[in-house]
Amino acid sequence: MLQCNNYEIIDLGVMVPCETILKVAKEENVDIIGLSGLITPSLDEMVHVAKEMERQGFTLPLLIGGATTSKAHTAVKIEQNYSEPVVYVNNASRAVGVCTSLLSKELKPAFIEKLDIDYERVRDQHNRKKPRTKPVTLEEARANKVAIDWQNYTPPAPVKPGVHVFENFEVATLRHYIDWTPFFMTWSLVGKYPAILEHEEVGEEAKRLFHDANELLDRVEREGLLKASGMCALFPAASVGDDIEVYTDETRTEVRKVLHNLRQQTEKPKGFNYCLSDYVAPKETGKQDWIALLR
């Protein structure tokens, strides 16, 4: 969107370390730094970047966007760590207006004043929030774990355990597994796929967007513009309380990694206090269970 409006973009890619982002920003003398978060850990990384920008004396605006981000997270967790403007941009189409305001001597003061008032309101709302359900102690939550009859259940063993790497996987196959609903949401077209294509208000626009996206996928597939790679793994595992022990091999004698999990800690009068470890056979049962990991 920014490139289409004559902005020069330096795209550093995915999972880029903070030091690389700031190093390139200095070398290229950029006007704005933008961060996009698609997974939850990126939220903490954004806080780190803001702190580093403050520590290193940056004077650039910082844009925050992506699926896992929000105005509340930006106002409560990120903004106070950096003395220059930190702006939450909820979708790509609004980035142009934000950048125009930030880079304009005439527009910037009013934009920042409105932003500060908005963030203060969001923080006030956040501070006044109360839990929807009553919290319980960790001991109470663990006592209400999922009840699984492990004695009468035998976990199936995978046909091919271990690590599996997929190089240059065919886009023709992958495109059949695209979840199109979030794609439409990114373009501010709200509705579930495929019903959105027949929606009385946004259906025609959704069809045009869907057509354009598939034309691009056709080109990617035809010209080999992208190479898709992935990895998955199946390891022996057992739960120990809220943790999951992942073993090096099927002898289960050496722990390769311990995965620490959070348990729900709110009152559940009609349900369980769930934890991921509940679904892996406890170590004391002697059951040979497995865990699947993917990347």
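Residues numbered from 1 in each chain as written. Predicted model: local features only at pLDDT ≥ 70, side-chain atom pairs only at ≥ 80, totals over all residues. Heavy atoms only, no water.

Remarks on the overall build of the chain
Stage number 1. A count of helical and extended segments in the chain gives nine helices and eight strands.
Stage number 2. Projected onto the principal axes, the alpha-carbon positions of the chain cover approximately 70 × 50 × 50 Å.
Stage number 3. Within the chain, buried positions represent 34% of all 295 residues.
Stage number 4. Taking all contacts inside the chain whose residues are at least 6 apart in sequence as the whole, residues at least 24 apart take part in 65%.
Stage number 5. Roughly 20,000 Å² of accessible area belongs to the chain as shown, and the carbon and sulfur atoms make up 54% of that amount.
Stage number 6. Across the chain, the centroid of the 36 positively charged side chains sits 4 Å from that of the 44 negatively charged ones. (Helix = DSSP H or I, 4+ residues; strand = E, 2+ residues; numbered from the N terminus. Buried < 20%, exposed > 50% of the residue type's maximum accessible area, 1.4 Å probe, protein only. Contact = heavy atoms within 4.5 Å. Areas by Shrake-Rupley, 256 points an atom, 1.4 Å probe, with all protein chains shown as cover. Lys, Arg positive; Asp, Glu negative; His and termini not counted. Charge placed at Lys NZ, Arg CZ, Asp CG, Glu CD.)

Topic: unusual backbone geometry
Stage number 1. P194 follows Y193 through a cis peptide bond whose omega is 5°.
Stage number 2. The residue P194 is located in the loop between α8 (180-186) and α9 (203-223) in this model.
Stage number 3. The phi torsion at N6 lies on the positive side, around 70°, for a residue other than glycine.
Stage number 4. Secondary-structure assignment places N6 in the segment before α1 (18-27).

Some points on the sheet that holds strand β1 (residues 33-36)
Stage number 1. Here we have three strands laid out as an open sheet, ordered β1-β2-β3, and parallel in their pairing. Each edge of the sheet is formed by a strand with only one pairing partner; in this case those strands are β1 and β3 (86-88). For this sheet, the mean angle separating the axes of adjacent strands, direction not counted, is 20°.
Stage number 2. Direction of pairing for strand β2 (residues 62-65) relative to β3: parallel, over a ladder of three bridges. Each residue of the ladder has a partner; that of L63, found in β3, is V87. (Pairing = 2+ DSSP bridges. Axes fitted to C-alpha atoms, helices over the stretch in contact; angles between N-to-C directions.)

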